[in-house]
Amino acid sequence: MKKLFAVLLTIAMILAMTACGGGSTPVSSGGAAPSSPEGAKQVTVGLIQLMEHPSLDEIRAAITARLEEKSAESGVSIQVNYQNAQGDTSTINTICQQFVAGKVDVIVAIATPAAQGAAAAAENSGIPVVFSAVTDPVAAGLVENLEAPEGNITGTSDAIPVEKIFALAKELTPEAQSFGLIYNTSEDNSLSVIAQVKGYLEGAGLSYTEGAVTTSADVQTSARNLLGKCDALFVPIDNTVASAMAVLADEAIQAKKPVYVAADSLVADGGLAAVGVNYTNLGSQTADMVLKIVTGTPVSQVPVEVLRDNNLVINGDTARAIGVDISQYGPNDATFVSSVA
Ligand code: TRP
């Protein structure tokens, strides 16, 4: 099934890249009257997104909106060839190899596994890679020096404020002494956060149990198992879990246990609370870096941007359903969301 998908995708991409359009959308020209200036430099962006889940979709929307908004004043006319890898590693590689073979001007990769695939495919090709929302670009092997990226790779990072999340857990549910940690061990973005979390919990005298998942289909069983053993769950910035977050949140609500997370989208999907970054801002910053690079700034002069401004996000519906008092937080302290489902 996956193979068939990869083959179909390859065909679709060849069509898209050779003929006139397919998966490509011009973002800098509006309708009949192109808004791009006369003689604007034509630029092709290969945009790969790991999979569909609300946070990655939000990032992509912000990237394309910002490219559209700013390309004319940057003197470029941008064509975006967008491909979604549906969470599959071989599909990531196929997409990125096609981008390289098609000689796109820059590859933009959303989420860690997509960025790793793009880096591997673009190596020695001279094509720059701009990653978006890579939690730990150093641990992921993408860059060694955030300030002056040495390869042809730079991008944005969503640093996870582990201590703030657990301080919040202590405030909201001080009785929670044991945490279930649910994540995909093949996501480097999760491994790096989980290592920090374990260190924190050990230091705070709290216990944990790990629940590894391989695909989003494993999330429900793993969540149920952990909820049977622990007082609360923690979900790092894991794409596999994110794509099944609503199912996980339902299980936790039935068990009347809190789920602490690291992204606002996971709260909208039913988690209790998060401390995390604004992903629309992160997408816009990613697009600004792309514009700098396609207008001639060397990648080594475009430092990695780590977003550190955090917002507290609480799901009022979830709090009510599991009986957690959130009355100490007012509209100035937190963003309140309702479950989207
Ligand atoms: N930071 C994740 C990565 O490095 C991607 C990501 C962005 C994400 N927003 C998210 C993952 C929300 C889970 C939930 O791959």
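Structure first, text after, so check above.
All of the points below concern the structure found in this document. These numbers come from a predicted model, not from an experiment. (Residues numbered from 1 in each chain as written. Predicted model: local features only at pLDDT ≥ 70, side-chain atom pairs only at ≥ 80, totals over all residues. Heavy atoms only, no water.)

### Section: the nonpolar core
A general tendency of soluble globular proteins is for nonpolar side chains to be buried together. Residues I48, I107, F179 and L248 are the most contacted members of the largest nonpolar core, which totals 109 residues. Counting residues per element, this core draws most heavily on helix α11 (residues 279-294), at eight residues. Residues within four places of I107 in sequence aside, it is in contact with G46, I48, C96, F99, V100, A118, A122, I127, P128, V129 and V130. (Core = buried A, V, L, I, M, F, W, Y, C linked by side-chain atoms within 4.5 Å. Buried < 20%, exposed > 50% of the residue type's maximum accessible area, 1.4 Å probe, protein only. Helix = DSSP H or I, 4+ residues; strand = E, 2+ residues; numbered from the N terminus. Contact = heavy atoms within 4.5 Å.)

### Here's the deal with the site of the ligand
In the vicinity of the ligand, 17 residues are found, and the nearest of them are S55, T112, A133, T135 and D158. Taking T112, its side chain carries an N or O atom lying 2.5 Å from an oxygen atom of the ligand. A distance of 2.8 Å separates a nitrogen atom of the ligand from a polar atom in the side chain of T135. When the ligand is considered free in solution it has 370 Å² of accessible area, and contact with the protein chains removes 100% of it. (Near = heavy atom within 4 Å. Polar contact = N/O pair within 3.5 Å; in protein donor to acceptor, adjacent residues only side chain to side chain. Areas by Shrake-Rupley, 256 points an atom, 1.4 Å probe, with all protein chains shown as cover.)

### A word on the sheet that holds strand β13 (residues 311-315)
Reading across the sheet, the seven strands line up as β8-β7-β9-β10-β11-β13-β14 and stay open at both edges, with mixed pairing between neighbours. The open sheet has two edge strands with one neighbour each: β8 (207-213) and β14 (335-337). For this sheet the average axis-to-axis angle between neighbouring strands, irrespective of direction, equals 20°. Inspection of the sheet shows strand β7 (residues 178-184) paired to β8 by seven bridges, in the parallel sense. (Pairing = 2+ DSSP bridges. Axes fitted to C-alpha atoms, helices over the stretch in contact; angles between N-to-C directions.)

### Observations regarding the pattern of salt bridges
Summed over all chains, the structure comprises six salt bridges. Between E251 and R224 there is a salt bridge; the shortest N-O distance is 2.9 Å. Taken together, the residues E251 in helix α9 (residues 245-254) and R224 in helix α7 (residues 219-229) connect sequence positions 27 residues apart. The class of E251 is buried, set by a relative accessible area of 8%. One salt bridge in this structure joins D317 and R320, with 3.4 Å as the shortest N-O distance. (Salt bridge = Lys/Arg side-chain N within 4 Å of Asp/Glu carboxyl O.)

### Description of the packing of aromatic side chains
We describe a pair of aromatic rings using the distance from one ring centre to the other and the angle between the two ring planes. As enumerated under the stated definition, the model contains three aromatic pairs in all. Taking the centre distance of 5.2 Å and the plane angle of 80° together, the rings of F166 and F179 count as edge-to-face. Within this pair, whereas F166 is found in helix α5 (residues 162-172), its partner F179 is found in strand β7, the two being separated by 13 residues in sequence. In this structure F166 comes out as buried when scored by relative accessible area, which is 3%. (Phe/Tyr/Trp six-rings, centres within 6.5 Å; stacked < 30°, edge-to-face > 60°.)

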